[in-house]
Amino acid sequence: IGDPVLDLSYRKFKRLPLRVCGLMHLEKLYVCGNSLRTLPDSLSQLPGLRILALDFNKLEDVPMAVCQLTNLTRLYLGSNRLMTLPPELRNLQSLRCLWVESNYFQRFPRVLYDLPHLKSLQIGDNRLKTLPPDLWRMEALRGLWLYGNRFDTFPKVLLRMENLEILDLDRNKISEFPSLKRLHALRLFSYDHNPVKDPPNVGEEALIVGEGAAEFLEEREAKKERRRKAAEKESEEVQPEPEVCKDK
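Since this is a predicted model, take the numbers as computed values, not measurements. (Residues numbered from 1 in each chain as written. Predicted model: local features only at pLDDT ≥ 70, side-chain atom pairs only at ≥ 80, totals over all residues. Heavy atoms only, no water.)

Draft legend 1. Representation of the overall build of the chain in the model. When its secondary structure is counted, the chain shows one helix and ten strands. Ordered by position from the N terminus, the helices and strands of the chain form the series β-β-β-β-β-β-β-β-β-β-α. Projecting the C-alpha coordinates of the chain onto the three principal axes gives extents of approximately 90 × 55 × 30 Å. A separation of at least 24 residues holds for 21% of the contacts in the chain among residues at least 6 apart in sequence. (Helix = DSSP H or I, 4+ residues; strand = E, 2+ residues; numbered from the N terminus. Contact = heavy atoms within 4.5 Å.)

Draft legend 2. How the structure looks around helix H1 (residues 213-237). Here H1 is 25 residues long and its end C-alpha atoms lie 36 Å apart, about the 36 Å a rise of 1.5 Å per residue gives. All buried positions along H1 are accounted for by Ala 213, Leu 217 and Arg 220. (Expected span 1.5 Å × (residues − 1). Buried < 20%, exposed > 50% of the residue type's maximum accessible area, 1.4 Å probe, protein only.)

Draft legend 3. The arrangement of the environment of Ser 94 in detail. Structurally, the position occupied by Ser 94 is in the loop between strand S4 (74-76) and strand S5 (97-99). Sequence separation between Ser 94 and Leu 52 is 42 residues, and the spatial gap between their C-alpha atoms is 13 Å. Each residue touching Ser 94, except ones within four places of it in the same chain, is listed here: Thr 70, Asn 71, Leu 72 and Thr 73.

Draft legend 4. Layout of the sheet that holds strand S3 (residues 51-53). Ordered by their spatial adjacency, ten strands build an open sheet running S1-S2-S3-S4-S5-S6-S7-S8-S9-S10, and the pairing between neighbours is parallel. Unpaired on one side and paired on the other, strand S1 (5-7) and strand S10 (207-209) mark the two borders of the sheet. Averaged over all pairs of adjacent strands, the angle between their axes in this sheet comes to 5°, without regard to strand direction. Across three bridges, the pairing between S4 and S5 is parallel. Counted as the bridge partner of Arg 74 is Cys 97 from S5. (Pairing = 2+ DSSP bridges. Axes fitted to C-alpha atoms, helices over the stretch in contact; angles between N-to-C directions.)

Draft legend 5. Spatial organisation of the side chain of Ser 79. Relative to the helices and strands, Ser 79 resides in the loop between S4 and S5. Those residues in contact with Ser 79, other than ones at most four positions away along the chain, are Asp 55, Phe 56, Asn 57, Glu 101, Ser 102 and Asn 103.

Draft legend 6. Structural detail: the pattern of salt bridges. Per the stated rule, a full pass over the model turns up twelve salt bridges. Measuring nitrogen to oxygen at the nearest pair gives 3.9 Å for the salt bridge that ties Glu 225 to Lys 229. Here Lys 229 and Glu 225 lie together in helix H1, a separation of four residues that amounts to about one turn. According to the relative accessible area criterion, Glu 225 is partly exposed, its value standing at 32%. (Salt bridge = Lys/Arg side-chain N within 4 Å of Asp/Glu carboxyl O.)

Draft legend 7. Inspection of the state of the cysteines at higher detail. Under the defined criterion, the tally for this structure stands at zero disulfides. In this structure Cys 21 is a free cysteine whose sulfur lies 15 Å from that of Cys 67, the closest cysteine sulfur available. You can see Cys 97 has no disulfide; the closest cysteine sulfur is in Cys 32, sitting 13 Å from it. Looking at Cys 97, the relative accessible area reads 6%, which means it is buried. (Disulfide = S-S within 2.5 Å.)

Draft legend 8. Looking closely at the nonpolar core. Leu 112 and Leu 158 are the most contacted members of the largest nonpolar core, which has 68 residues in total. Counting residues in each nonpolar core, the second largest holds five residues, with Cys 32, Ile 51, Ala 53 and Cys 97 among its members. (Core = buried A, V, L, I, M, F, W, Y, C linked by side-chain atoms within 4.5 Å.)

Draft legend 9. View of the layout of surface pockets. Empty space within the largest pocket amounts to approximately 190 Å³. In this structure, the largest pocket is lined by Lys 181, Asn 201, Val 202, Gly 203, Glu 204, Phe 216, Glu 219, Arg 220, Lys 223, Lys 224 and Arg 227. Split by residue class, the lining of the largest pocket holds two nonpolar, two polar and seven charged. (1 Å grid on protein atoms, 1.4 Å probe; cavity = no way out; pocket = protein on both sides within 12 Å on 5 of 7 lines; lining within 4 Å. Points joined across faces, edges and corners; volume = space filled by probe spheres on them. Nonpolar A, V, L, I, M, F, W, Y, C, P; charged D, E, K, R; others polar.)

As structure tokens, then:
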């Protein structure tokens, strides 16, 4: 059996060499940084493919062959010319990670609702101004990258996405953030390069990145330390008297 990984990145290909479609053992195929506008239909004959990287090409549409690779878990389509995703993408029921950053999306692609295991969505550097109000249906989502879009208000639907662990809204035009304390799973929130005065409130476990965040985190650590010392002192003061054993 041949190597399950093939890397054809940055080879100036305008077409994918057809012999690739005969490599039945392939599990990972990297074809980044070429000049591909489409892919041969016969690519769909690679049933074992789990990772497909097509970043930095010239794709204006997702090739139909990609939508037939039903065992894909990771699909990288960043830095192409995509404006939409085809309805057939819902065939990719095993997909866990999708990167479509640096494309031309003006609307959130709702076909993603039909991917029940999608955990990581990278859709930064696009042209989104709003998110659909029922985005909370994407319950599996753990990481959502929305940096470099065109939001001028914080999308309220995000407050209903209580499973989110990473949320990145860098480089938007949001001037006010609500409290994010209800997002109990949140571990990293990035809001740098937004016209906002104060860091947003986040839960105790969340790290935040942005203007004023360092001071906020220092203050939070100091508060934690003060609380810990107070609790220690209190426990010392209310130490129960040791009971004297009584002879029976």
